[in-house]
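# Notes for the structure review
Each chain, letter by letter, is given below.
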Amino acid sequence: MGQIQLTQVTKSFGDVNVIPPLDLTIQDGEFTVFVGPSGCGKSTLLRLIAGLEDITSGQIQIDGQDATNLPPAKRGLAMVFQSYALYPHMSVKKNIAFPLKMAGMEEAEQERRIAAAAKALNLTDYLDRRPGQLSGGQRQRVAIGRAIVREPSAFLFDEPLSNLDAALRVGMRLEISEMHKRLETTMIYVTHDQVEAMTMADKIVVLQAGVIEQVGSPLELYRAPRNKFVAGFIGSPKMNLIEGELAAKHGVHTIGIRPEHTDVSTTDGLWKGTVGVAEHLGSDTFIHIHGIPGCDPLTVRAGGDIDVKHGDTVYLTPQEQHIHKFGPDGLRVE
Amino acid sequence: MARAVTNQRKAINTAAAWIVGLLIFFPILWTILTSFKTEAVAIADPPVFLGFDWTLENYRTVLERSNYARFLWNSIIIAGGSTVLGIIVAVPAAWSMAFVPSNRTKDILLWMLSTKMLPAVGVLYPIYLIFINLGLLDSRLGLVVVLMLINLPIIVWMLYTYFKEIPVDILEAGRMDGASLKDEIIYILTPMAIPGIASTLLLNFILAWNEAFWTLNLTAAKAAPLTAFIASYSSPEGLFYAKLSAASTMAIAPILILGWFSQKQLVSGLTFGAVK
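Residues numbered from 1 in each chain as written. Chains lettered and ligands numbered in written order. Predicted model: local features only at pLDDT ≥ 70, side-chain atom pairs only at ≥ 80, totals over all residues. Heavy atoms only, no water.

For chain B, the count of helices and strands is 13 helices and zero strands. For chain B, the succession of helices and strands along the chain, N to C, is α-α-α-α-α-α-α-α-α-α-α-α-α. Once the C-alpha set of chain B is aligned to its principal axes, its extents read approximately 70 × 65 × 30 Å. By residue count, 40% of the 276 residues in chain B fall in the buried class. Pairs at least 24 residues apart make up 76% of the contacts formed inside chain B by residues separated by at least 6 positions. Of note, chain B has its 18 positive side-chain charges centred 5 Å away from the centre of its 15 negative side-chain charges. (Helix = DSSP H or I, 4+ residues; strand = E, 2+ residues; numbered from the N terminus. Buried < 20%, exposed > 50% of the residue type's maximum accessible area, 1.4 Å probe, protein only. Contact = heavy atoms within 4.5 Å. Lys, Arg positive; Asp, Glu negative; His and termini not counted. Charge placed at Lys NZ, Arg CZ, Asp CG, Glu CD.)

This is how it looks when you write it as structure tokens:
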């Protein structure tokens, strides 16, 4: 079990109000990702759930029980930190065993769980090493091992992959996703990387300045962003937001069109522009185009074989059914 | 551009370091040399540096006249006891200031340090009276407590500096893993701070060993440590320089040897946090 419910939760540091009243329900077994730019309060929110910070007002329920004033260890949650936060003076085995030792578990059961976790995480050969003798990826595995042996009702991840290099990050992302499918335990994952959010989440919570901008599945957020902030944040490269006369033709303040929903031609189209930079990735080409009124540069995603370079004139045609419309208040208009 | 370190510059630096080192060491060297002279040679004018008949007579006399072992034992008990007691009091204090700081933490730290600027003699009278009332005069327990209090600001400061270097994440991970405050201090904080705690122990043991004001004023015979042992050979009349030097050499020898073998630890402790 691992249902977590936040009711009217607020957090202030002194006079600074970091989280205004916030309601959120995370269902049992769900993989929920908190995403937002740095300073949006996503890590604070995670720490409030963990119990590492006290909430200023409101209530936190875990599995229907009031956990607002419970110390971290009594909440039945396990956390994986960005810095791994391994105990440097203990071997890998002792690191993983630490929560079990604190819980007063008998030795035989400890051994069994450590062996199982080490096997699942490919750490069996490293159990006697110290964290300082491991690579970043291995350290992160130890941190995960320390979390899973406790069999918590929910896992909390605080930007766990941001210290790893790009290749390792993709691998660990898959491992964590597979772990979730296998364990079917609630996971809350904080990241500023919208690609991680899109690929891993059952449910994404987009935050800005402590306020929840939108909650939904990755595709819901992609297809129907509730406002300009979510529209710009979800999707890569980000959505082009166009103001002015082109938007006025659609009767709204702002229109949004994703790079992948814009057709490019060197001969004809609706809008005319000049190529600034063309990024050839092999499979795709991201073209940054100048000269479109209300949006400079405008980014489009074309096929890998398109042959354009700096200074070329191109014509763009947005796919009508994929145009997002936003009012002057930034909210979506249907 | 990196500053060029020429050989000439290196030689000058080395020479300067040697000169400063010898200047600091000279009084100790002179004391040790004098301890092997006869009383007559010790006051000879001009002074004799090395060319004299070496004698162990002073050491023999000093050992006959005084119970060196008792003074030594008192020094060990007082310096060791006050240091261990100080650590026990300072660890929780430094923990709270390093990990749950309040707006006043810096002020408290500075206030603690400011007590070190007070001339000790300023509080001699009240402390002497308290000692009389509590029956602590000339007791090892009394000195352990006083020296612990005298050195506490330094112990707290040093530990605070070490604890500040420990990432809070690791302590929070401990809390998530179910460690109580006691578990956190025993299993996580202390093992990680062992190098720092060791050099704090060492430095404060040395400071307590060398402390003379309180040990001389609050003891008579029973609890007197090596500082009193030295003082007993200082006399306005008679020829006592060589014997005084022998006593001094015997008093500083244990701590010199300890310092010699632990100098690596001491240096790393004193520069901790200053260089990465």
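So that's the structure; there's more coming.
All right, on to the interface of chain B and chain A then. As a measure of interface size, the accessible area lost when the parts come together is often cited. Contact with chain B, which involves 15 residues of that partner, is made by 23 residues of chain A. Of the roughly 1600 Å² buried between chain B and chain A on both sides combined, carbon and sulfur atoms contribute 67%. The largest per-residue losses of area from chain B upon contact with chain A belong to Met-176, Asp-177 and Tyr-187 of chain B, which jointly make up 45% of the total buried on that side. Where chain B packs against chain A, one counts two salt bridges. (Buried area = accessible area lost by both parts, 1.4 Å probe. Salt bridge = Lys/Arg side-chain N within 4 Å of Asp/Glu carboxyl O.)

Moving on, we come to the pairing of strand β4 (residues 57-62) of chain A. Residues and elements named next belong to chain A. Sheet topology note: the strand β1 (residues 4-13)/β4 ladder contains five bridges and is antiparallel. Looking across to β4, one finds that Thr-7 is bridged to Gln-59. Pairing of β4 with strand β5 (residues 65-66), which is carried by two bridges, proceeds in the antiparallel orientation. Bridge pairing links Ile-62 to Gln-65 in β5. (Pairing = 2+ DSSP bridges.)

Residues and elements named next belong to chain B. In this model helix α12 (residues 241-261) runs 29 Å from its N-terminal to its C-terminal C-alpha over 21 residues, within 8% of the 30 Å that 1.5 Å per residue would give. Helix geometry: α12 is bent most strongly at Ala-253, by close to 35°, with proline Pro-254 lying one to four residues after it. Among the residues making up α12, those that are buried are Ala-242, Lys-243, Ser-245, Ala-246, Ala-247, Ser-248, Thr-249, Met-250, Ala-251, Ile-255 and Gly-259. (Expected span 1.5 Å × (residues − 1). Bend = angle between axes of the 7 residues up to and from the residue.)

Here we come to helix α1 (residues 42-50) of chain A. Along an α-helix, residues three or four positions apart point the same way, because every turn accommodates 3.6 residues. Residues and elements named next belong to chain A. The element α1 is extensively covered by neighbouring structure, given that eight of its nine residues are classed as buried. Of all the residues in α1, the buried ones are Lys-42, Thr-44, Leu-45, Leu-46, Arg-47, Leu-48, Ile-49 and Ala-50. Directly beyond the C-terminal end of α1, a positive phi value near 95° is found at Gly-51.

Turning to the side chain of Arg-47 of chain A, a few remarks are in order. Among the secondary structure elements, Arg-47 of chain A is positioned in helix α1. Separated by 3.1 Å, the side chains of Arg-47 of chain A and Glu-53 of chain A make a polar contact. A distance of 2.6 Å separates polar atoms of two side chains, one belonging to Arg-47 of chain A and the other to Glu-172 of chain B. In contact with Arg-47 of chain A, not counting residues within four places along its chain, are Leu-52, Glu-53 and Met-79 of chain A together with Glu-172 of chain B. (Polar contact = N/O pair within 3.5 Å; in protein donor to acceptor, adjacent residues only side chain to side chain.)

To continue, consider the pattern of salt bridges. All names here are of chain A. Inspection of the entire model under this criterion finds 18 salt bridges over all chains. Arg-301 is the salt-bridge partner of Asp-284, the closest N and O atoms lying 3.3 Å from each other. Of this pair, Asp-284 sits in strand β15 (residues 284-290) while Arg-301 sits in strand β16 (residues 298-303), and the two are 17 residues apart along the sequence. Salt bridges linked by common partners bring Glu-109, Arg-112, Arg-113 and Glu-151 together as one network.

Moving on: unusual backbone geometry. Residues and elements named next belong to chain A. In this structure, Pro-237 follows Ser-236 across a cis peptide bond, with omega equal to -5°. Omega for the bond connecting Asp-296 with Pro-297 falls within 30 degrees of zero, at -5°, which places this linkage in the cis form. Locating Pro-297 in the fold gives a position in the loop between β15 and β16. A positive phi is found at Asn-122, a non-glycine position, where the angle reads about 60°. In this fold, Asn-122 is placed in the loop between α3 (107-120) and α4 (136-148).

Residue and element names in this part refer to chain A. An order of β6-β7-β8-β3-β9-β10 is seen for the six strands of this open sheet, with the pairing classed as mixed. Two strands in the sheet have a free side with no partner beyond their single neighbour: β6 (77-80) and β10 (211-216). Each neighbouring strand pair of the sheet contributes to a mean axis angle of 15°, computed without reference to strand direction. With five bridges connecting them, strand β7 (residues 154-158) and strand β8 (residues 186-191) associate as parallel partners. Residue pairing across strands places Leu-156 opposite Ile-188, the latter belonging to β8. (Axes fitted to C-alpha atoms, helices over the stretch in contact; angles between N-to-C directions.)

Turning to the side chain of Glu-213 of chain A, a few remarks are in order. All names here are of chain A. Mapped onto the elements, Glu-213 comes out in strand β10. No salt bridge is formed by the buried Glu-213; the nearest opposite charge belongs to Arg-226, separated by 4.4 Å. Here Asn-227 takes part through its side chain, which lies 2.7 Å from a polar atom of the side chain of Glu-213. Ignoring anything within four residues of it in the chain, the contact list for Glu-213 reads Val-206, Leu-207, Gln-208, Arg-226, Asn-227, Phe-229 and Val-230.

Another aspect to go through is the nonpolar core. If you look at the biggest cluster of nonpolar residues, it comprises 99 residues, and the most contacted ones within it are Ile-4, Leu-6, Phe-34 and Leu-156 of chain A together with Leu-159, Phe-163 and Phe-229 of chain B. Core analysis: the next-biggest nonpolar cluster, separate from the first, contains 43 residues, Val-35, Val-80, Leu-127 and Met-172 of chain A among them. (Core = buried A, V, L, I, M, F, W, Y, C linked by side-chain atoms within 4.5 Å.)

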